[in-house]
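Structural description and commentary
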Amino acid sequence: KAVIQLLAACPGDAVATRKELLVATRHILATDFRRGFFAQVDVLLDEKVLVGVGRLSHEALRPRAYSTLADLVHHVRAQLSLAQLARVIQLFARNIHDPTLPVAIQTTSVRLLLNLVDYIFHNLDADARRGHALLARVLRTLVHKFGTLRRHIPKVEAAERERLAEAEESEAGAARKLALALD
């Protein structure tokens, strides 16, 4: 709880301090002391607490913050209520479509959503429609991401073909130089 209080009290422009708190949190989550964070999931789902409110904090800390939060959610996913799962899905679904986040964080977000599917499906909430709605949200998010990727795949393939052609040309040139040097 002390780490959460420090994150909440940390000024928005204290990027270095917030970064160190996130690093420390990440290390704590790798130990058995992570149980202390289980009750704090709702607080950490608030981006103002997790990332801060400053523009620099937002730009510099989001990848580390979301990665740390994904670790925590992964460890507590079995204990989350549907309301908490809905907040997690909302946050990480948005991350999947955020081009300002690194691909690694988008991939982590996809993995987290896929890991939540089984827990949503088996949730014992009295209103099964809530779980169905969350599953549909995850599916819509992933389908939309595939649609986005579909538009970019030809560009990626062309760039990869160009890279391979340059590599082959470079290898052929190096082989010619080596052959000349050996003669």
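Whatever comes next refers back to the structure up there.
Right, let's walk through the structure included here.

Analysis parameters
Residues numbered from 1 in each chain as written. Predicted model: local features only at pLDDT ≥ 70, side-chain atom pairs only at ≥ 80, totals over all residues. Heavy atoms only, no water. Salt bridge = Lys/Arg side-chain N within 4 Å of Asp/Glu carboxyl O. Helix = DSSP H or I, 4+ residues; strand = E, 2+ residues; numbered from the N terminus. Buried < 20%, exposed > 50% of the residue type's maximum accessible area, 1.4 Å probe, protein only. Core = buried A, V, L, I, M, F, W, Y, C linked by side-chain atoms within 4.5 Å. Contact = heavy atoms within 4.5 Å. Polar contact = N/O pair within 3.5 Å; in protein donor to acceptor, adjacent residues only side chain to side chain. Axes fitted to C-alpha atoms, helices over the stretch in contact; angles between N-to-C directions. Parallel < 35°, antiparallel > 145°, perpendicular 65-115°, else oblique. Left-handed = near helix turned anticlockwise from the far one by under 90°. Nonpolar A, V, L, I, M, F, W, Y, C, P; charged D, E, K, R; others polar.

Applying the stated criterion to the full structure yields seven salt bridges. Between Arg87 and Asp42 there is a salt bridge whose closest N-O contact spans 3.6 Å. Of this pair, Arg87 sits in helix α7 (residues 82-96) while Asp42 sits in helix α4 (residues 41-44); the two residues are 45 residues apart in sequence, bridging distant segments of the chain. Here Asp127 ties to Arg129 by a salt bridge, and the two come within 3.2 Å at their closest N and O atoms. Looking at Arg129, the relative accessible area reads 63%, which means it is exposed.

Moving on, we get to the nonpolar core. By size, the foremost hydrophobic cluster in this structure holds 41 residues, and its most contacted members are Leu69, Phe92 and Leu116. Mapped onto this core, the elements with two or more residues apiece are α1 (2-9), α2 (15-29), α4, α5 (47-50), α6 (55-76), α7, α8 (103-121) and α9 (128-182). Once residues within four sequence positions are removed from consideration, Phe92 is found in contact with Tyr66, Leu69, Ala70, Ser109, Leu112 and Leu113.

Moving on, we get to the side chain of Thr68. You can see Thr68 is positioned in helix α6. Of note is the side chain of Thr68, whose polar atom sits 2.8 Å from the backbone oxygen of Arg64. Those residues in contact with Thr68 that lie beyond four places of it in its chain are Leu22, Thr25, Arg26 and Leu29.

Another aspect to go through is the packing of α2 against α6. Axes are the key here: two packed helices are described by the angle between their axes and the distance separating the axes. Orientation of α2 relative to α6, taken along the N-to-C sense of each, is 15°, at an axis distance of 10 Å. In terms of orientation, α2 lies roughly parallel with respect to α6. Relative to α6, α2 is oriented so that their crossing is left-handed. For the pair formed by α2 and α6, the contact residues are Val15, Arg18, Lys19, Leu22, Val23, Thr25, Arg26 and Leu29 on the first element and Leu56, Ser57, Ala60, Leu61, Arg64, Ala65, Ser67, Thr68, Asp71, Leu72 and His75 on the second. The residue makeup of the contact of α2 with α6, split by class, is nine nonpolar, five polar and five charged.

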